[in-house]
Amino acid sequence: MNIAIVEDESKLAAVLQDYLHKEEYRTQIYSDGQVALDSLQNDLPDLILLDLMLPSLDGMSICRELRRSSNVPIIMLTARIEEIDRLLGLEIGADDYICKPYSPREVVARVKAVLRRTGKPEEAADTALFHLDEATASVTIKENTCALTAVELKLLDVLSNKPGQIFNRSQLMGRIYSDNRIVSDRTIDSHVKKLRQKLESLDSTSHYVHSVYGIGYKFEIMDAD
Ligand code: CA
């Protein structure tokens, strides 16, 4: 597997490279935005770690440009958690976001998770165990079924249709309540809490809906430990 590291701070890039090499990934480091885009467009890696602030062309423009022609997995690295919230609102199409300062171990774990999710065969196996039925407003996991409220059904539908994608609370509210009513963040949190309890009652060995600190929620099937 080839991972492109687009990062202008050479020490950070070198540390990431070391950790990725330990996990048998091959890497290519780019320190300039425009050079990275030109090269990556011609020769796509298996995944791109993309810093936001770069010389000559920023990470957001690179991500947008690549998304015109490719679904290559992209993990954005940004210096501020508020920046992630803004990027989510712009819907530039990155697969995951990591806030600096990060631990290299965390980055490697996220690389593996994104590759697992974007690799087709395993995804099919995962989703076969999870089924959402709109007609009966119910969810089935590993052959156990549970009824959902209208809001829970909508919430789970939005999240599970984009595994791994983080939604902030206002994006979720906009998709769940079509009448533009004002709902507090706490309302979403309490629906998510109840939804999680239901999912856990169906399958206590996996987690499905994850909170992303300071941002919102995402759907990803992960082993509970
Ligand atoms: Ca930078």
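On a predicted model such as this, the values are computed, not experimentally measured, just so you know. (Residues numbered from 1 in each chain as written. Predicted model: local features only at pLDDT ≥ 70, side-chain atom pairs only at ≥ 80, totals over all residues. Heavy atoms only, no water.)

### Focus on the coordination of the calcium ion
Six octahedral donors around a metal ideally sit at 90 or 180 degrees from one another, while four tetrahedral donors ideally sit at 109.5 degrees.
Alright, step 1. Taken together, Asp8 (OD), Asp51 (OD) and Met53 (O) make up the full set of protein donors to the calcium ion, lying 2.1 to 2.3 Å away.
Alright, step 2. Motif for the calcium ion, donor spacing along one chain: D-x42-D-x1-M. Of the two residues, aspartate 8 is situated in the loop between strand S1 (2–6) and helix H1 (10–22) and methionine 53 in the loop between strand S3 (47–51) and helix H3 (59–67); the sequence distance between them amounts to 45 residues. (Donors = N, O, S within 2.8 Å, 3.2 Å for Na, K, Ca; no water. Helix = DSSP H or I, 4+ residues; strand = E, 2+ residues; numbered from the N terminus.)

### Details of the layout of surface pockets
Alright, step 1. Quantified by volume, the largest pocket comes out at close to 740 Å³.
Alright, step 2. Lining the largest pocket are 28 residues, and of these Gly93, Asp95, Lys162, Pro163 and Gln165 sit closest to its centre.
Alright, step 3. Residue assignment for the lining of the largest pocket shows that the elements contributing at least two residues are helix H5 (104–118), helix H6 (120–128) and helix H8 (169–176).
Alright, step 4. Sorting elements by how many residues they give to the lining of the largest pocket places H5 first, with three residues.
Alright, step 5. Broken down by class, the residue content of the lining of the largest pocket amounts to 11 nonpolar, eight polar and nine charged.
Alright, step 6. Here the lining of the largest pocket spans two domains, and each of domain 1 (2–117) and domain 2 (130–223) adds at least three residues to it. (1 Å grid on protein atoms, 1.4 Å probe; cavity = no way out; pocket = protein on both sides within 12 Å on 5 of 7 lines; lining within 4 Å. Points joined across faces, edges and corners; volume = space filled by probe spheres on them. Nonpolar A, V, L, I, M, F, W, Y, C, P; charged D, E, K, R; others polar. Domains from an automatic or database assignment.)

### Side note on the packing of helix H7 (residues 150–160) against H8
Alright, step 1. Direction vectors running N to C along H7 and H8 enclose 120°, while the axes themselves pass 10 Å from each other. Here H7 is positioned oblique relative to H8, judged by the angle of their axes. Every pair of crossing elements has a handedness; the one defined by H7 and H8 is right-handed. Facing H7, whose interface residues are Val151, Lys154, Leu155, Val158 and Leu159, H8 presents Leu172, Arg175 and Ile176.
Alright, step 2. Taken together, the residues of the contact of H7 with H8 sort by class into six nonpolar, no polar and two charged. (Axes fitted to C-alpha atoms, helices over the stretch in contact; angles between N-to-C directions. Parallel < 35°, antiparallel > 145°, perpendicular 65-115°, else oblique. Left-handed = near helix turned anticlockwise from the far one by under 90°. Contact = heavy atoms within 4.5 Å.)

### Here we look at H7
Alright, step 1. The element H7 is extensively covered by neighbouring structure, given that nine of its 11 residues are classed as buried.
Alright, step 2. For H7, the set of buried residues is Val151, Glu152, Leu153, Leu155, Leu156, Asp157, Val158, Leu159 and Ser160. (Buried < 20%, exposed > 50% of the residue type's maximum accessible area, 1.4 Å probe, protein only.)

### Here we look at the domain arrangement of the protein chain
Alright, step 1. Structurally, the protein chain comprises domain 1 (2–117) and domain 2 (130–223).
Alright, step 2. Distance from the C-alpha centre of domain 1 to the C-alpha centre of domain 2: 28 Å.
Alright, step 3. Facing 11 residues of domain 1, the contacting portion of domain 2 comprises 10 residues.
Alright, step 4. Where domain 1 abuts domain 2, roughly 910 Å² becomes buried across the two surfaces, and 50% of that area is made up of carbon and sulfur atoms.
Alright, step 5. Per-residue buried area on domain 1 facing domain 2 is highest for Ile81, Leu88 and Arg117; these three make up 48% of the total on that side.
Alright, step 6. Across the domain 1-domain 2 interface, the total number found is one salt bridge. (Buried area = accessible area lost by both parts, 1.4 Å probe. Salt bridge = Lys/Arg side-chain N within 4 Å of Asp/Glu carboxyl O.)

### Some points on the sheet that holds strand S9 (residues 167–168)
Working definition: the strands of a sheet are paired by backbone hydrogen bonds and lie parallel or antiparallel to each other.
Alright, step 1. What the three strands build is an open sheet, ordered S9-S11-S10; its pairing is antiparallel. Every other strand in the sheet has two partners, leaving S9 and strand S10 (206–212) as the edge strands with one partner each.
Alright, step 2. Across two bridges, the pairing between S9 and strand S11 (residues 216–223) is antiparallel. Across the sheet, residue asparagine 168 finds its bridge partner in S11, namely glycine 216. (Pairing = 2+ DSSP bridges.)

### Quick look at the pairing of S1
Alright, step 1. Counting buried residues in S1 gives four out of five residues, a clear majority hidden from the surface.
Alright, step 2. By the bridge criterion, five bridges tie S1 to strand S2 (residues 26–30) in an arrangement that is parallel. The residue of S2 that forms the bridge with alanine 4 is glutamine 28.
Alright, step 3. Taken together, S1, H1 and S2 constitute a β-α-β crossover, and its handedness is right-handed. (Right-handed = clockwise from strand over helix to strand, strands pointing away.)

### Re the environment of glutamine 34
Alright, step 1. Mapped onto the secondary structure, glutamine 34 falls in helix H2 (residues 33–42).
Alright, step 2. Residue class for glutamine 34 comes out partly exposed when judged on its relative accessible area of 33%.
Alright, step 3. Residue contacts for glutamine 34: discarding those within four places in its chain leaves Pro55, Ser56 and Leu57.

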